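Read off the chains here:
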Amino acid sequence: MLSYRHSFHAGNHADVLKHTVQTFIIELLKKKETPFVYHDTHSGAGRYDLFGEYAEKTGEYKDGIARIFQSIDAPKEMSPYLSAIHKMNHEGELRYYPGSPLLGRILLREQDRAVFSELHPTDFPLLLQEFRGDRQVKMYKEDAYSRLKASLPPKERRGLVLIDPPYELKHEYQDVLNAIEESLARWATGIYAIWYPVVFRENVDLIIKGLKKRGVSKMLQIELGVAPDSPARGMTASGMIVINPPWTLDEKMNEILPRLQSLIAPEKGHHFVRWLAGE
Ligand SMILES: C[S@@+](CC[C@H](N)C(=O)[O-])C[C@H]1O[C@@H](n2cnc3c(N)ncnc32)[C@H](O)[C@@H]1O
């Protein structure tokens, strides 16, 4: 059963962190002329109307992208991400926000390609509509991990896999670990960026422990929090675990995170970048 709709959360603080890391990785991949693939396992709809009923209901974007979109204090290193959002909006007014597939697509060059999978009966048609006729994009209404398995290794042997499940069901943490194990067996040098929410810290620890147990040899953890960990329900922070991160990603994130935190969560927030394995 698919009850999660990303439209309620589009542009929130977790999206800002996830999409900033996604953008940095893609921009670093672009430093070489050779083509790469951007594979988005849980794509969502692609584009979100922040004035629509879903986003307006929660207003989460107001404490996320709205705080940096026009801020003169936004780190200049975030300009590829912010320019992509500007491209979708008129005259600096923030109304539309790109999901990870659209952001990825905006950043690709002619020689690169994208693979998207999404199962939701409402979101998949929106994704199709967004990219219909785009020869650089392949879309599948298939399970995230079956599609990933079928697509690896990519012919380019370079690229990013973004893994962004809703984590509504407990087994989704284990699913991520199984998928990483299978994917690394097929494509050991790929970059895998796994998003995680901090609702219960034990679940994040479970992923990290599982990845270490599977012998992942190079991984970086990047986290941005808006409140301290709490036993009450609700997301207090989110992060990305990046397997095989491109060179300098750690430095770049270390540079911008303090400034990002001061815009998004100046009082009770936290941030860190740390190597879980390697370096
Ligand atoms: C967090 S949202 C994705 C947001 C998107 N990556 C972004 O950043 O804009 C998770 C999505 O995964 C989809 N989903 C859940 N289980 C799935 C599965 N097994 N295979 C493919 N998609 C799935 C949901 O319908 C939802 O749209």
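Everything below is about the structure shown above.
Predicted, not measured: the structure shown is a model, and the values here were computed from it. (Residues numbered from 1 in each chain as written. Predicted model: local features only at pLDDT ≥ 70, side-chain atom pairs only at ≥ 80, totals over all residues.)

What to know about the pairing of strand S9 (residues 237–243)
Thinking step 1. The element S9 is largely enclosed, with a buried count of 7 among its 7 residues.
Thinking step 2. Pairing of strand S7 (residues 191–198) with S9, which is carried by 7 bridges, proceeds in the antiparallel orientation. Paired with Ala 193 across the bridge in S9 is Val 242.
Thinking step 3. As judged from the 7 bridges shared by strand S8 (residues 219–225) and S9, these two strands associate in the antiparallel manner. For Gln 221, the partnering residue across the bridge sits in S9 and is Ile 241. (Buried ≥ 20, exposed ≤ 12 C-beta atoms within 10 Å, placed from the backbone. Helix = DSSP H or I, 4+ residues; strand = E, 2+ residues; numbered from the N terminus. Pairing = 2+ DSSP bridges.)

Side note on the nonpolar core
Note that soluble globular proteins tend to have their nonpolar side chains buried in a common cluster.
Thinking step 1. If you look at the biggest cluster of nonpolar residues, it comprises 71 residues, and the most contacted ones within it are Ala 193 and Val 242.
Thinking step 2. A total of 8 residues in this core trace back to one element, the largest contributor, which is helix H1 (residues 13–29).
Thinking step 3. Each residue touching Val 242, except ones within four places of it in the same chain, is listed here: Val 21, Ile 191, Ala 193, Met 219, Leu 220, Ile 222 and Leu 249. (Core = buried A, V, L, I, M, F, W, Y, C linked by C-beta atoms within 7 Å. Contact = placed C-beta atoms within 7 Å.)

By themselves, these figures tell us nothing about what the structure is for.
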